[in-house]
Amino acid sequence: MYNNIQEFYNTLPLVIVAAGILIATTIEMYSKKSENILSWFSILIFLASGFYSLFTLDARSVVLQNMLATGGYVNIFYFIFTFSAAIICFLSIDYIKKYDAYFGEYYILMQTSVLGMMLMAGAKDLFMIFLGLEVMSVSFYVLAGINRKRLTATESALKYFLLGAFATGFIVYGIALIYGTAQSTSFEVITTKFSELSGNLLFLTGVLLFLIGFSFKIAAFPFHMWVPDVYQGAPSTVAGLFSTAGKAAAFSAIIVSLFVLFTSGAMRIITPYLSVISVLSMFFGSIVAIAQTNIKRMLAYSSISHAGYLIIGLAASNTEGIAGIIFYLAAYSFMNLGAFGIVSIIEGKEEANLELNSYRGLGTRQPLLAALLSLFMFSLAGIPPFAGFFGKYYIFIAAIEAKLTWLAILGVLSSVISVYFYLRLVVLMYFYDSSEQIEIERSNTGLLAVFISAILVVLLGVLPGSLLNLIISYL
Amino acid sequence: MENSLLLTYLILLPLIGAFALLFINKEKASAIRYTGLFFSAITFIISLFVYFGFDHSSSDFQFIHKFEWIQGLNVYYFVGVDGLSILLVLLTTFLTPLTLISSWSSIEHKIKEFTFFMLLLETGMIGVFVSLDLFLFYIFWEAMLIPMYFIIGIWGGKERIYAAIKFFLYTMFGSLLMLVAIVWLAVYASGSLGYFTTDITQLYKVAPTIARDIQLWMFLAFGLSFAIKVPLFPLHTWLPDAHVQAPTAGSVILAGVLLKMGTYGLLRFNLPLFPDASLYFAPYFSILAVIGIIYGALVAMVQTDMKKLVAYSSVSHLGFVVLGIFAMTQESVQGAVIQMINHGLSTGALFLLVGVIYERTHTREIADYGGIAKLVPFFAFSLMFASLSSIGLPGLNGFVGEFLILLGSFKSGVLNSWWFTVFAASGVIFAAVYLLWMYQRVVFGEVKNPSLNGLKDMNAREIFVMIPIFIFIVWIGIYPSTFLKVSEKTSAKIIHQVFNPEQTAEKLINNR
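Residues numbered from 1 in each chain as written. Chains lettered and ligands numbered in written order. Predicted model: local features only at pLDDT ≥ 70, side-chain atom pairs only at ≥ 80, totals over all residues. Heavy atoms only, no water.

Engineer: With reference to specific residues and values, describe the pairing of strand β2 (residues 75-81) of chain B.
Structural biologist: Judged by how many residues are buried, β2 of chain B sits mostly within the fold: 6 of 7 residues are covered. The antiparallel hairpin formed by strand β1 (residues 62-70) of chain B and β2 of chain B contains 4 residues in its connecting segment, where Asn 74 of chain B sits at a positive phi of about 60 degrees. (Buried < 20%, exposed > 50% of the residue type's maximum accessible area, 1.4 Å probe, protein only. Helix = DSSP H or I, 4+ residues; strand = E, 2+ residues; numbered from the N terminus. Pairing = 2+ DSSP bridges.)

Engineer: Outline a nonpolar patch on the surface, supporting the account with residue identities and numerical values.
Structural biologist: All names here are of chain A. Residues Leu 368, Phe 451, Ile 455, Val 458, Leu 459, Val 462 and Leu 463 make up a contiguous nonpolar surface patch of about 550 Å² in total accessible area. Broken down by element, the nonpolar patch gets its largest block of residues, 5 residues, from helix α20 (residues 444-462). Inspection of the secondary structure puts Val 458 in helix α20. (Patch = residues over 30% accessible without salt bridge, like charges linked within 9 Å, V, L, I, M, F, W, Y side chains within 5 Å. Areas by Shrake-Rupley, 256 points an atom, 1.4 Å probe, with all protein chains shown as cover. Salt bridge = Lys/Arg side-chain N within 4 Å of Asp/Glu carboxyl O.)

Engineer: Could you give an account of the pattern of salt bridges, naming the residues involved and the relevant values?
Structural biologist: Taken as a whole and judged by the stated rule, the model has 12 salt bridges over all chains. Note that Arg 364 of chain B and Asp 305 of chain B form a salt bridge whose closest N and O atoms lie 3.6 Å from each other. Of this pair, Arg 364 of chain B sits in the loop between α14 (330-361) and α15 (372-375) while Asp 305 of chain B sits in the loop between α12 (275-301) and α13 (306-327); the two residues are 59 residues apart in sequence, bridging distant segments of the chain. The pair formed by Arg 364 of chain B and Asp 305 of chain B is uniform in burial state, with each residue classed as buried. Bridged by salt links that share partners, the residues Glu 155, Lys 159, Asp 229 and Arg 297 of chain A form one connected network.

Engineer: Break down unusual backbone geometry for me, citing the residues and quoting the values.
Structural biologist: Residues and elements named next belong to chain B. Cis geometry is adopted by the peptide bond preceding Pro 231, which originates at Val 230 and carries an omega value of -10 degrees. Inspection of the secondary structure assignment puts Pro 231 in the loop between α9 (212-229) and α10 (238-245). Cis geometry is adopted by the peptide bond preceding Pro 234, which originates at Phe 233 and carries an omega value of 0 degrees. Examined against the element boundaries, Pro 234 turns out to sit in the loop between α9 and α10. With a phi angle near 55 degrees, Phe 63 is a residue other than glycine that sits in the positive phi range. Here Phe 63 lies in strand β1. Since its relative accessible area comes to 0%, Phe 63 is described here as buried. Even without glycine at this site, His 362 takes up a positive phi of about 60 degrees. Residue position: His 362 is located in the loop between α14 and α15.

Engineer: Any chance you could break down the interface of chain B and chain A for me, citing the residues and the numbers?
Structural biologist: Opposite the 34 residues of chain B that make contact, chain A presents 39 residues. In total, about 3,200 Å² of surface goes out of reach between chain B and chain A, with carbon and sulfur atoms giving 83% of it. Seen at the junction of chain B and chain A, the total is 0 salt bridges. If you look at where chain B meets chain A, you find 3 residue pairs in polar contact (both at pLDDT 80 or more). Those elements that place two or more of their residues in the side of chain B that touches chain A are β1, α5 (134-143), α6 (145-155) and α7 (160-193) of chain B. Considering each element in turn, the side of chain B that touches chain A owes the most residues, 16 residues, to α7 of chain B. (Contact = heavy atoms within 4.5 Å. Buried area = accessible area lost by both parts, 1.4 Å probe. Polar contact = N/O pair within 3.5 Å; in protein donor to acceptor, adjacent residues only side chain to side chain.)

Rendered as structure tokens:
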């Protein structure tokens, strides 16, 4: 397995999470107080793994028989996944108590899903991607329906499972075609054989099917149908995980698998596909979000629209695009976590306070929460000096360098549309007085999580160079 | 002595003040007001240091403070002032404390938030005028929208929500296209300079070499964003809504400073960066400017609401500034710069006065007034003074700017037709009509509205706000050279950059 001890150290981020899963399962079996122990245990595991990967960016190697890459930007992805998951755990502590819906597997599944994401981000082989994807997705299917007392949660889980399985079918079919033409699933072999393969229609069909499958996972139009229902039905914390770490993982898989294609001629076939779904996602997401009255559905459509911006980076197919995507994913994760975090704090028992109207006059009653939520909304809308703006800026640089100026122009037009619905929340919170009082339970850990996200959103906006330089130098 | 950190202090001080406010209990209203005033006053004092340390004889950027901000992208924190921006910085730091004093009694709820947003706004405005890196400029340009949006939306009139959203979306639409153009420009620069940059002193060298066809598009992308802000006819429709709905302080800042950002942007970016396109578009923009002058004046004439009347007069007055810019002669550009300041002073004063009377009567309808001269003599005098300044009475500031613009546009080789001047000059006459007519209906005659009896005249605080503005109105009117000589070299340089792009580029390279 490992050729030397260094290789083992390089995979420590994964090992920590994997060991965490085993220990957590044991704790859950034997302890009666597992609810309290497991939440803090998972946070510890995630932070340990996340910070370890952040401090070992230099540990670049390919381990496990050319199956897994470590170090470099892969570790930046690890950090995004684990840190998002840690924030979600913080939010979950009080959220689960509020719903009185603790199930032992909640934190364990969160860890397995993160392990799956990490396998995808580091994959050097199509099988590894598939393995990671399934580990992540199956955990997600269960997490979506974790609150099994609720009908909507069950519906959400079933919908997610059926459509997710359908998407996986595409991916497997794509992998099969690629394997059939390249006689290998290893990226390395595919890269070396690439010149002869790029003319092969079956191979390109395989790549396209693979991409279509992942379009489901990143919630791009027209493969987005599951997103609003799943986000709405799933617990808010879990929806937050889907929309941040889950999306980042799917993008990491696309990046690792498409990276080899960028310098070759194959992009001329893929770029039109990417451009089209990017434009459609951006506009569909922004326009339909305007009509939403439920905040979780609104955030779901906003997530579709953000997938569109991210795909611009893929369509640009240059290193700026990749760096832009990674930065954008980090920025998007933290601002969306903040938004979902506040939603989960404000949400009352039995899915109360999820309508946009519940946010009326929040600026007077909950000044801190309202101010933070406005900050996240401005960042999501891409207004400087917050992280969301810089993410967009960098993606546009990539697009213009790739001579896709028209895509950048459509991107800004869709941004203008999206400003409307993000601002509407701010309007409701500050410009109206509330007619009815809603009860909000205090959640210190939740507030801490939201606070950390807010600090990161501001920091990434004001000092984007700190993360950007890391990404560029390790790409 | 030139202290390179002064401009950074200017940007940071209001920001520090804003965050200091967060630690004050929101019940302590006067502590909050004094803190806000203190920080904006200190900012004004520091801006005076900048002004007196400024070397008029040079057209270069001064008080430069530069350090690398985002390494990967070659983005610098790069600030500096020249003869154009220093006047606007002063106008900003001058008006902000005055508006804070003016809203001492008119803003009664959420005082902490109000002062917080006003200080943030000041940081944004100063940042816009001193940024010499397009990326930095854009950050301030957009970030400034947030406080203004809240000021209109929370403390505004009845239709405030509609006005706030319209204001935000209009400006956002224009500026996002500018963002694409900025990125395109930086990518183009990396082709010829060898590195990606948004530094405008570098872009001044390479941007004029862009092919004319592309320049036209770039000019439009930048120009649209600035034209919306100015606002140039027919993009002005957000302005009456925003001005009328905003609280007095918001209207003063909107008219006094925010509108100038559009004309500032045209002078700072459009003309020097895209000279060929500027020459091509000059007649078209001038035609729109002249239409704006006449249209704004005619619409102002039929308004029944005083605040709306002043708002439409802004469309007309800013038309003069745009005409001056695109006539591209030394006189007209200097006239445009001085007219930006004039408009900030006189329209600011008019909005303040409308606010003063509205606070007492809660109506802005001209028909509700009449004969208040006897009741409120100080107010009547101040309104007369501000109106005359806005009309352009010789001896007051408005005359200087309008005269220079008309003179410059008359002999402009770019416009090459005196029709522009003829039509624009009619705007001066219309201004006299709508302002004096309003004055007559409000101030003279008999008191018809019984509820006006017992109207209190301006108090000491309100008079204190007007006095500095009036001093400058007279000063510019009688001895404009104090201010004209500040902008002289910079105006000459901008015109030079338009007509001799290659030469300028060479000169800039040799100077390095």
